[in-house]
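# A look at the structure
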Amino acid sequence: MTTFYQEFQKVFLSVDCIIFGFDDNKLKILIGRRQMDPGRGEWSLYGGFVRNDESVDDAALRTLFELTGMRNIYMRQVGAFGSVDRDPGERVVSIAYYALINVKDYDDRQREEHGVEWVDIEAMPSLYSDHKKMVEKARKLMKDKIKTEPVGFRLLPDLFTLTQLQRLYEAVNGEELDKRNFRKRIKEMDFIEKTDLIDKKGSKRGAYLYRFNRRAYDEFPNFKL
């Protein structure tokens, strides 16, 4: 530890993670009851303080791994939240990140161990401090991103129906889409492949299953939905 900057006030630096999932045709976030003061018992995002030996991105990746046990998660920075009074405990600046995971890939035992729950974003309870603002900004960024990059497939299983895909886009955007126009647009995309497999969970007739072809997407120059 050096003696530089001794004349300046110190602040704490933390990360908070907005983890999105998609289940039962609803966009969900992973939250839990805060287990420390101040705000103990309040609904909160999962986060932690940045260590001296790690970058902010590394702190977010570590936090995500501690919570989910998963690596190679899609993660993007949302921004810095640093209102003077945002934390009643100390002067804390938080860097927020959002991540996309498949709910089915997340071990339910690990979820219970950390005391977190998947909550419908449309029925989100009151959150600690400015965490609601973090969620709102993250959702807006994801809505913009999903229009120009196929990031939504990270929330779906490897095989999915076109109805599932449409419900995902509707959940992210918070509005219904015209079925005919949506499917017409999807059929123009070579990287969304129709398989010979049929999902019969929804009806006796069933629906064809599709999959995302990463190699075909890499050769597709202009994605926009």
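In the block above lies the structure referred to throughout.
Quick look at the structure, then. What you are looking at is a predicted structure, and each value in this text was computed from that prediction instead of being measured.

## A few points about the pattern of salt bridges
Using the criterion set out here, one finds 16 salt bridges in the structure. One salt bridge connects Arg62 with Glu66, and the closest N-O pair in it is separated by 3.1 Å. Taken together, the residues span about one helical turn, with Arg62 and Glu66 both in helix 1 (residues 56-68) at a distance of four residues. A salt bridge links Lys145 to Glu149, with the shortest nitrogen-to-oxygen separation between them at 3.4 Å. Note on Lys145: relative accessible area 24%, which makes it partly exposed. In this structure Glu149 comes out as partly exposed when scored by relative accessible area, which is 29%.

## A closer look at a nonpolar patch on the surface
Taken together, the side chains of Phe4, Tyr5 and Phe8 define a hydrophobic patch exposed on the protein surface, amounting to about 420 Å² of accessible area. Topologically, Phe4 is positioned in the segment before strand 1 (12-23).

## Describing helix 4 (residues 162-173)
Taking 1.5 Å as the rise per residue, helix 4 with 12 residues should run 16 Å; its terminal C-alpha atoms sit 17 Å apart, in good agreement. Burial analysis of helix 4 places nine of its 12 residues in the buried class, which makes it a mostly covered element. Where helix 4 is buried, its residues contact strand 1, strand 2 (26-33), helix 3 (131-148), helix 5 (179-187), strand 8 (192-199) and strand 9 (207-212). Looking one or two residues beyond helix 4, the residue adopting positive phi is Gly174, at roughly 70 degrees.

## Structural notes on the packing of aromatic side chains
Under the defined criterion, the tally for this structure stands at 11 aromatic pairs. Geometrically, the ring pair formed by Phe191 and Phe212 is edge-to-face, given 5.8 Å between the ring centres and 80 degrees between the ring planes. Taken as a pair, Phe191 in the loop between helix 5 and strand 8 and Phe212 in strand 9 lie far apart in primary sequence, 21 residues in all. Residue class for Phe212 comes out partly exposed when judged on its relative accessible area of 22%. Considering the side-chain rings of Phe191 and Tyr217, the 5.3 Å spacing of their centres and the 80 degrees angle between planes classify their relative orientation as edge-to-face. Of the two residues, Phe191 sits in the loop between helix 5 and strand 8 while Tyr217 sits in helix 6 (residues 214-218), which places them 26 residues apart along the sequence. Judged on exposure class, the residue Phe191 and its partner Tyr217 are both buried. Aromatic ring contacts, followed pair by pair, group Phe153, Phe160, Phe191, Phe212 and Tyr217 into a single cluster. The ring of Tyr128 carries the charged tip of Arg34 above its face, separated from the ring centre by 4.1 Å.

Definitions and limits used
Residues numbered from 1 in each chain as written. Predicted model: local features only at pLDDT ≥ 70, side-chain atom pairs only at ≥ 80, totals over all residues. Heavy atoms only, no water. Salt bridge = Lys/Arg side-chain N within 4 Å of Asp/Glu carboxyl O. Helix = DSSP H or I, 4+ residues; strand = E, 2+ residues; numbered from the N terminus. Buried < 20%, exposed > 50% of the residue type's maximum accessible area, 1.4 Å probe, protein only. Patch = residues over 30% accessible without salt bridge, like charges linked within 9 Å, V, L, I, M, F, W, Y side chains within 5 Å. Areas by Shrake-Rupley, 256 points an atom, 1.4 Å probe, with all protein chains shown as cover. Expected span 1.5 Å × (residues − 1). Contact = heavy atoms within 4.5 Å. Phe/Tyr/Trp six-rings, centres within 6.5 Å; stacked < 30°, edge-to-face > 60°. Lys NZ or Arg CZ within 6 Å of the ring centre and 35° of its normal.

All we've got here are geometric facts, nothing functional implied.
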